[in-house]
Amino acid sequence: MRDLRARYRRDGFVAPVRVVDEISALAHRARMEAAEEQVGPLHYRDKAHLVLTSAWELIASSTLLDAVEACIGPDILLYNSTYIVKEPGSPAQVNWHQDLTYWGLSDDDAQVSAWIALSPATPESGCMQMIPGSHVAGPVDHVTPAQKAPDDVLDLGQYARGVDESTAVHVPLLPGEASLHHGLTLHSSRPNRSDDRRIGVNAQFVAPHVRQLQHGDDTAIVMRGVDAFGHFRPEEPPVRDLAPEALERQREADRRIKSNYKAVRDRR
Ligand SMILES: O=C(O)CCC(=O)C(=O)O
């Protein structure tokens, strides 16, 4: 783990980290797709871990949390999680950006995102690309178009200004492997030109001392260690899949998070 921490600090990301074996990853994919048959596409619905036991089990796995601990320390809160899906042949893409641009959090160095592959993430299927070391220079200027491009995956369509892509690397993952990236690492992904869905679970973690500076109300779950600060209202993991009351809490959290991003953007 010392090596992982050193690579994370130097590059702003680490990959691949094996979270579950490939057969288990495909079983998780089947559970996710069975849920989609009941409630429709899960792509980019925030707080998936509140409603799906599969998302929760993956995110709570000790191998993943060991890697998260190496990045942000022993006290770990889960802030958000979403499936990010690119359908086969879909033009959907993600422009170069830093995650933390509109999150409104107090400490850029105490947040890490894990992206766990549930299908092969390859250059052909539109795996992520990262710019090693780009987190070190701090936040960069982002442009947010009044009207986002239809193929843009990000909610607000934001992109970092003037990115030099010459040192960018692909981050391919097999099912069950994860990458972890710092909230200021510049990353992007291109369209899916494969004939399979490209499916990842993105889980966003923070250390408990982090605060929401831009608005009052945020929720999180303690995954490891202690929360000695209480800056986030606690939330509950799912007891079963797609429980109606949990779905309602997820809808409310999804609305809150998306409107918070807009509020942070509008204040700039
Ligand atoms: O799934 C993708 O292609 C991009 C994901 C991303 O931007 C992220 O995990 O922060």
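Asker: Whenever I open this one, the site of the ligand confuses me. Can you help?
Answerer: All residues in the neighbourhood of the ligand are listed as Ile84, Lys86, Val94, His97, Asp99, Trp115, Met128, His181, His187, Ser189, Arg198 and Asn202. In this structure, Trp115 approaches the ligand through a side-chain N or O atom, which is 3.0 Å from an oxygen atom. Between the ligand and Ser189, the relevant distance is 2.5 Å, taken from an oxygen atom to a side-chain nitrogen or oxygen of the residue. Surface burial for the ligand is 97%, taken as the share of its 290 Å² of free accessible area covered by protein chains.

Asker: Help me understand the nonpolar core in this model?
Answerer: A general trend in soluble globular proteins is that nonpolar side chains are found buried together. Tyr83, Leu180, Phe205 and Met223 are the most contacted members of the largest nonpolar core, which totals 45 residues. Examining the composition of this core, we find that seven residues originate from one element, helix H4 (residues 62-72), more than from any other. Excluding anything up to four places from it in sequence, Leu180 contacts Tyr8, Gly12, Phe13, Val14, Val17, Ala67, Val68, Cys71, Val112, Ser113 and Ala114. Counting 17 residues, the second-largest nonpolar core is a separate cluster that includes Tyr102, Trp103, Val210 and Val264.

Asker: Would you mind going over the sheet that holds strand S5 (residues 128-130) with me for this structure?
Answerer: Paired through backbone hydrogen bonds, the strands of a sheet run either parallel or antiparallel to each other. One open sheet accounts for four strands, arranged S3-S10-S5-S8; its pairing is antiparallel. Here the strands that pair on one side only, and so sit at the sheet edges, are strand S3 (94-97) and strand S8 (169-171). Strand-to-strand twist in this sheet, taken as the mean axis angle between neighbours without regard to direction, amounts to 25 degrees. Alignment of S5 against strand S10 (residues 187-189), held across three bridges, turns out to be antiparallel. Residue pairing in the sheet places Gln129 in a bridge with Ser188 of S10.

Asker: Teacher, can you tell me more about helix H5 (residues 244-267) here?
Answerer: Within an α-helix, residues lying three or four positions from one another point in the same direction, as the helix has 3.6 residues per turn. Taking 1.5 Å of rise per residue, 24 residues should cover 34 Å, and H5 covers 35 Å from first to last C-alpha, within 8% of that figure. For H5, the complete set of buried residues consists of Ala246, Leu247, Gln250, Ala253, Asp254, Arg256, Ile257, Lys258, Asn260, Tyr261 and Val264. Its buried side turned inward, H5 meets helix H2 (22-39), strand S2 (76-86), strand S12 (219-224) and strand S13 (233-234).

Asker: Would you mind going over the pattern of salt bridges with me for this structure?
Answerer: Two side chains bearing opposite charge may form a pair once their charged atoms approach each other closely. Tallied over the full model, the rule gives 20 salt bridges. In the salt-bridge network here, residues are joined through shared partners; they are Arg29, Glu33, Glu36, Glu87, Asp196 and Arg197.

Rules and cut-offs
- Residues numbered from 1 in each chain as written.
- Predicted model: local features only at pLDDT ≥ 70, side-chain atom pairs only at ≥ 80, totals over all residues.
- Heavy atoms only, no water.
- Near = heavy atom within 4 Å.
- Polar contact = N/O pair within 3.5 Å; in protein donor to acceptor, adjacent residues only side chain to side chain.
- Areas by Shrake-Rupley, 256 points an atom, 1.4 Å probe, with all protein chains shown as cover.
- Core = buried A, V, L, I, M, F, W, Y, C linked by side-chain atoms within 4.5 Å.
- Buried < 20%, exposed > 50% of the residue type's maximum accessible area, 1.4 Å probe, protein only.
- Helix = DSSP H or I, 4+ residues; strand = E, 2+ residues; numbered from the N terminus.
- Contact = heavy atoms within 4.5 Å.
- Pairing = 2+ DSSP bridges.
- Axes fitted to C-alpha atoms, helices over the stretch in contact; angles between N-to-C directions.
- Expected span 1.5 Å × (residues − 1).
- Salt bridge = Lys/Arg side-chain N within 4 Å of Asp/Glu carboxyl O.

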